[in-house]
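As a plain string of letters, each chain reads:
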Amino acid sequence: DSVTTCLSQPVHYVICKLGFEKKDTYDIDNILSGNGEVCWQAVTEHVCYLESDQSVDYIKSIRSLGPVCESVKSYFKSLTKEQFVIQYASWFHWTNCTEVFLEVFDVLQHTQATEVALGLMKLTSCLERALGDVYLLKGSDCPFLLRDLLASEQLADVFGQAVMNVLKVFIGSPHGLNLRNVLWHGFASPQEIPAKYCAMLLFLTAGLGQLLQTYLLQTKGVLVYRPYVIFTSLEELDAFPDLNNEMLSIAEELVKLSSFVLKMMLPFWIAALTAFKQSRYADSVILLLPQLEAGLRLLFTTTNKCPNRLLTAESSALYTTFDKMLAKHLDNEELNQLPVVLEEPAMESDFLWDFLNHQEGPRIRDHLSHGEINLKTFPREIANQIVGFAITILCRFSDDDMLSLKEHMVIKPLMNCASCYQSRFHPISRLKKQVLECMKSIHLWPEIAIVPEEQVQKIKGLEGNAEDNTLILMISEIISQLQHYMPQNCCSSDDPINGVLTERLLVDLCDTRICTLYSPRPVLEVVVVLRKISSQCHQVSQQIIAGAGLRYAQWLNKTLRSRQRHNCRRMLNSIKFLSPVLQLILLLITLELVSVHSVCKKNPFDYQHYLKFLKSVLQYTENLVTYTSPQKNKWDAAMELTKKTLIKIRKISDRKLMLMHLA
C-alpha cells in the first residue's frame, strides 16, 4: 500500500510533468495542411539538439513538444468518428491494422486512463511491426529491439532522420518518454500516462503513412506485410481448466485484496478480467502481462532486499524485467531468492519460462509487444492460461483472512493444476515429446503393407544372413544390462526385446519429474545431442514407412526390376532389426534424461567421455538417414553400421559408464 508509483523520480518528471511546463496554446494549423496532411517540417522544428554532439536533447524536445501534443489531442476530440475516418483512415493502411488506430481515436474521445494506456500499448506494438515492414524495403534481418529499428539507416532513408528523431522522443529511447517500455514492462500506472502523448503518436503514424506513400510512388516500391505468428498445437498449452464467470468473479475479489497487486495498478487488473469476460482476449493478455511482471518485481525486490529495483531504471541501467527476475543469480552473483519464495515445484517459474521465454514456447509477451500477432484472432485458449495462472498467483500471495476465497470449490481445480504443472517447452520437455512421437512412428511399422515373406523367399541368391541371430543376441544382452536402471517388473514376458521395448515403458520413464529450472550448461549440451539423435531416428522411421509402402505398390504392379527386387528383400530383412535398434536407442535417450543432472554435476570427466560416445551414436543415426533414404537404399551398409554401433553400445554398457549408472 505504501508504493504509490513505480516510476523513479526522474522518469516520473519526464513523463508526467516535463511536457506540461510550457503553457503556450499551440495552433494546430501550424502542423496541419489544408488537406489534412502533417506538416513534418513544423513538427521536426520542435526537436532540440545538444551543442556538444548534435544528438537529440530529449529534455528540451519533450518540453517543446508538450503544447503541440495538447493541441493534437484537442483537435482529435473536435472531430467526429466519421470525419476522422474520412480524413485519416487511409493513412493507417500501411500498418496493416487500421482498426487498432481507429479504436485509439475512440478511446481519446473519453480519455479513460486505463483504456488510453491499453490503446497506447496496442498502438506502439502495431507501429513497431509496420516500421519493420518498411525497414525490409531496404534491408534484411529486421532489428529485434525498437530502439535499434528507429536508429537504423534504412528507416532514415525512407522517412528522413529528422522524422525518426521525433519518434525517438516518444518511443524507443530510454532518454526520452520511452512510453512503450514503461507500459509493456508494468512500470506506469494508468494515471501516469498523459492522453496527449497517445494522441500525438496516432497523429504521427498517419503522417508516416503520408511520407511512405510518397516514397513508394517515387521508388515504385511495394510494401510487403510479414505474416503474423500463428499459434499451433494449442492443446500443448492447456494447463488450466476453462474459466467460467464464477471463477472470474472470485478473481475480481482476490485482485482487490491480494498483496501481489500494487494498488495503483488495480484498474489494469479489473480491466483485464473485464476484457476476458467480453471475449477481448488480446486486450486481456496485453493488460495482464505487464501486471504480472510488476507483481513479480515487487516480490523480487522484497525477497532480495533491493527496493530500489522496483522503480524504473534510468537510461544508464537495465530494467528489472522477467528475464532478470527469473534468473538463478542476481547481478552481484548472489542467489536470487524469488524462485525460493515461489517454492517447489517451481510452478510459477516453469509456467513463466514456458509461456514467455523458452524459444520453442509461445513467447506471448515478445510476439504481442512487437506486433507479431493478429489481435483480432488472438486465441481464447492462451488467454485462458494466462488469466488462470494469474488467479493462482493471486491466491498464493493473499492473506489468511481470504481463506474462504482461496479454498472456494471453483478455485481449487486451478490450484491443483498449478501444483502439478511441469514445463512443456524446456529442451528436456521437448526431448521427451520427441522420444514418444518417434516411438509411436516405429510402432506403425507392423502395419506397413509389405511384400509377403514367402514371395520374397523366391528371389534367388538371397539366403538368410548368418549374422541375424548375432544382432538379436546383442540387442537382448544390452537390454538385460539396462534393466538394472529401469522400473521393476517392466518386462512383461520372457522376450527381452518385445517385453521391454514398449511404448508404455517410455511413457512411464518420461513421466518422471525432472527439474528443468536452471539446467546447467553440461546438461543442456547432452540434451542437444540427444534431441538430434531422436530427430534422426524419427526421420529414419518416416523414410522406412514411406519406402516400404512405395516398394509394396511397385511389387503389386510388377514394376520392380531384378536389382530392385533384390534390394526390396534387403530392405525387409533390415527393417526387422532396425525396429528394435531404434527403440533401444530411444530407451537409452530416456534413461540418460532421468539421470543426466546428477551425472554432469558429480562426474565431469565421465560426462565428457559419455558425450563423446553420444556424438558417435548421433553420427550413426545421421548415416542411417542417408542409407535408408529413397535416393540411396543402402541396406547392407546400414546393417553393417548398425552392428558396429551395437558393439559400441554394449562396450559402454559393459564398462558401467552409462550416465544412469554414474548417477
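Predicted model only: the values in this text are computed from it and were never measured.

1. Remarks on the overall build of the protein chain
Inference 1: In terms of regular secondary structure, the protein chain is built from 31 helices and zero strands.
Inference 2: Burial analysis of the protein chain (663 residues in total) assigns 56% to the buried set.
Inference 3: For the protein chain, the share of sequence-separated contacts (at least 6 apart) that also reach a separation of at least 24 residues comes to 77%.
Inference 4: For the protein chain, the exposed area adds up to about 29300 Å²; of that, 52% sits on carbon and sulfur atoms.

2. Topic: the side chain of Arg297
Inference 1: Note on placement: Arg297 falls in helix H14 (residues 281–303).
Inference 2: In this structure Arg297 comes out as buried when scored by relative accessible area, which is 0%.
Inference 3: Looking at Arg297, its side chain comes within polar contact range of the main-chain oxygen of His185, at 2.7 Å.
Inference 4: Contacts of Arg297, omitting those with residues within four sequence positions, involve His185, Gly186, Phe187, Arg309, Leu310, Thr320 and Met325.

3. Digging into helix H27 (residues 521–556)
Inference 1: With 36 residues, H27 extends 53 Å between its outermost C-alpha atoms, agreeing within 8% with the 52 Å of an ideal straight helix rising 1.5 Å per residue.
Inference 2: Lys558 sits one or two residues past H27 and shows a positive phi near 55 degrees.

4. A look at unusual backbone geometry
Inference 1: Despite not being glycine, Asn96 shows a phi value in the positive range, around 65 degrees.
Inference 2: Looking at the element boundaries, Asn96 is found in the loop between helix H4 (81–88) and helix H5 (98–110).
Inference 3: Classification of Asn96 by relative accessible area gives partly exposed; the value is 35%.
Inference 4: If you check the backbone angles, Ser279 has positive phi at about 65 degrees while not being a glycine.
Inference 5: By secondary structure assignment, the location of Ser279 is in the loop between helix H13 (266–277) and H14.

5. Looking at the confidence of the model for the protein chain
Inference 1: Mean pLDDT over the protein chain stands at 88; residues scoring 70 or higher make up 89%.
Inference 2: Between residues 656–663, whose pLDDT stays under 50, and residues either more than four places distant or in other chains, the model counts 34 contacts.

6. A short note on the nonpolar core
Inference 1: Counting residues in each nonpolar core, the largest one holds 158 residues, and the members touching the most others are Phe76, Tyr88, Phe170 and Phe378.
Inference 2: If you tally residues by element for this core, the top one is helix H11 (residues 195–219), at 14 residues.
Inference 3: When residues of this core are assigned to domains, at least three fall in each of domain 1 (9–219) and domain 2 (234–419).
Inference 4: Other than its neighbours up to four places away in sequence, Tyr88 contacts Leu32, Gly36, Tyr75, Phe76, Leu79, Phe203 and Ala206.
Inference 5: Counting 67 residues, the second largest nonpolar core, distinct from the first, contains Leu509, Ile585, Tyr620 and Ile652.

7. Notes on the packing of H5 against H11
Inference 1: Where H5 contacts H11, the two axes come as close as 10 Å, and the packing angle between them is 145 degrees. Note on packing geometry: the crossing formed by H5 with H11 is left-handed. Residue-level inspection shows Phe101, Val104, Phe105 and Leu108 of H5 in contact with H11, the latter providing Ala195, Cys198, Ala199, Leu202 and Thr205.
Inference 2: Per-class residue counts for the contact of H5 with H11 are eight nonpolar, one polar and no charged.

8. Observations concerning the environment of Val527
Inference 1: With respect to the helices and strands, Val527 occurs in helix H27.
Inference 2: Residues Val527 and Arg430 lie 97 residues apart in sequence; the distance between their C-alpha atoms is 9.7 Å.
Inference 3: Residues in contact with Val527, not counting those within four places in the same chain, are Pro427, Ile428, Leu431 and Leu593.

Reading the values: rules and limits
- Residues numbered from 1 in each chain as written.
- Predicted model: local features only at pLDDT ≥ 70, side-chain atom pairs only at ≥ 80, totals over all residues.
- Heavy atoms only, no water.
- Helix = DSSP H or I, 4+ residues; strand = E, 2+ residues; numbered from the N terminus.
- Buried < 20%, exposed > 50% of the residue type's maximum accessible area, 1.4 Å probe, protein only.
- Contact = heavy atoms within 4.5 Å.
- Areas by Shrake-Rupley, 256 points an atom, 1.4 Å probe, with all protein chains shown as cover.
- Polar contact = N/O pair within 3.5 Å; in protein donor to acceptor, adjacent residues only side chain to side chain.
- Expected span 1.5 Å × (residues − 1).
- pLDDT = per-residue confidence, 0-100.
- Core = buried A, V, L, I, M, F, W, Y, C linked by side-chain atoms within 4.5 Å.
- Domains from an automatic or database assignment.
- Axes fitted to C-alpha atoms, helices over the stretch in contact; angles between N-to-C directions.
- Left-handed = near helix turned anticlockwise from the far one by under 90°.
- Nonpolar A, V, L, I, M, F, W, Y, C, P; charged D, E, K, R; others polar.

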